[in-house]
Amino acid sequence: DTAVSQTPKYLVTQMGNDKSIKCEQNLGHDTMYWYKQDSKKFLKIMFSYNNKELIINETVPNRFSPKSPDKAHLNLHINSLELGDSAVYFCASSQDLGFSDTQYFGPGTRLTVL
Amino acid sequence: LAKTTQPISMDSYEGQEVNITCSHNNIATNDYITWYQQFPSQGPRFIIQGYKTKVTNEVASLFIPADRKSSTLSLPRVSLSDTAVYYCLVGDTMYSGGGADGLTFGKGTHLIIQP
C-alpha cells in the first residue's frame, strides 16, 4: 500500500514539449512538496503546498506550475521543456509544514529531455 | 536557516560502526536536526531526529553536543545494504516565511560499505 506515489516513473520527451507529473499521498497529510535532484545528486526543494495553498516557491522558472486539486494530490506541469530540466523529480508529503516535520518521499520520476 | 556541511563520501566494512558528522555552526535555538537515507533510484527516507544530547532508535543513534554546532549519526554494525547517501537537515519546527534552506538536502554523504 504505497504512501506516496508518482506517475510516470520514467518520462522521455523532446525539447519544447509540455509534460505533467502526478503525485498522490494516502497518509492524510496536509503538506506536499516537489523536489528536483539533478545529475550531481543535489536535492533541492521547488514547491510546497499546505492545505492546497502554495507556501514555498523557490527560484524555479515559471515554466514549472504546480497544481493541488486537493490535499492528497500535487501535480507538476512543465511547459516548453529544456535540456536542463532533465533530472529526477521527487514528490513528498508531511503532516505539517515544518522543516523538522518528517517527510515521506515518492519513488521519483526520471525526466529525460532530448 | 542553518546550513550544513558533511563529508562527500565515506568507506567502511561490514560489521563496523560508522559515524557521520554534520556541521551546523549557525544552528538556531528552535532548530531540530534530522537525518535521511537515500538508496539509488529511491526517494529519501527518514532515519532519526533530535534536538540535543542523544537519541536512539532501532536503526541509528544521533549524538548532539551541548553547543549543538554539530551532530553525529552513528550506524551500528553496518551491512552492505547500508550503502546509501545520508543527508543532514537542520530547521525549525514550523516554516515562518523566508527562504527554504532548511529543506535543501544538499549532496549528502555517500557511504560505501564493503564486504
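Please refer to the structure placed before this passage.
Residues numbered from 1 in each chain as written. Chains lettered and ligands numbered in written order. Predicted model: local features only at pLDDT ≥ 70, side-chain atom pairs only at ≥ 80, totals over all residues. Heavy atoms only, no water.

Draft legend 1. View of the nonpolar core. All names here are of chain B. Core analysis: the biggest nonpolar cluster contains 20 residues, and V18, I33, W35, I47, L73, L75 and Y86 have the highest contact counts within it. Those elements that place two or more of their residues in this core are β2 (18-23), β3 (31-38), β4 (45-50), β6 (61-64), β7 (70-75), β8 (84-92) and β9 (109-114). With 4 residues, β8 is the single largest residue contributor to this core. Those residues in contact with L73 that lie beyond four places of it in its chain are V18, N19, I20, W35, I47, I48, A60, S61, L62 and Y86. (Core = buried A, V, L, I, M, F, W, Y, C linked by side-chain atoms within 4.5 Å. Buried < 20%, exposed > 50% of the residue type's maximum accessible area, 1.4 Å probe, protein only. Helix = DSSP H or I, 4+ residues; strand = E, 2+ residues; numbered from the N terminus. Contact = heavy atoms within 4.5 Å.)

Draft legend 2. Quick peek at the layout of surface pockets. In this model, the largest pocket occupies a volume close to 430 Å³. Forming the boundary of the largest pocket are 26 residues, of which Q37, K41, V88 and R110 of chain A together with S41 of chain B lie nearest the centre. At the level of secondary structure, the elements contributing two or more residues to the lining of the largest pocket comprise β9 (87-94) and β11 (109-113) of chain A together with β8 of chain B. For the lining of the largest pocket, the leading source of residues is β11 of chain A, giving 4 residues. The class makeup of the residues in the lining of the largest pocket is 11 nonpolar, 11 polar and 4 charged. (1 Å grid on protein atoms, 1.4 Å probe; cavity = no way out; pocket = protein on both sides within 12 Å on 5 of 7 lines; lining within 4 Å. Points joined across faces, edges and corners; volume = space filled by probe spheres on them. Nonpolar A, V, L, I, M, F, W, Y, C, P; charged D, E, K, R; others polar.)

Draft legend 3. Up close: the state of the cysteines. What the rule picks out here adds up to 2 disulfides over all chains. Covalently, C23 of chain A is tied to C91 of chain A through a disulfide, its sulfur atoms 1.8 Å apart. Handedness of the C23 of chain A-C91 of chain A disulfide follows from its S-S torsion of about -75°: it is left-handed. Here C23 of chain A is found in strand β3 (residues 19-25), whereas its partner C91 of chain A is found in strand β9, with 68 residues between them in sequence. Here C22 of chain B engages in a disulfide with C88 of chain B; their sulfurs sit 2.2 Å apart. Here C22 of chain B and C88 of chain B share a disulfide; its torsion about the S-S bond, -80°, makes the bridge left-handed. (Disulfide = S-S within 2.5 Å.)

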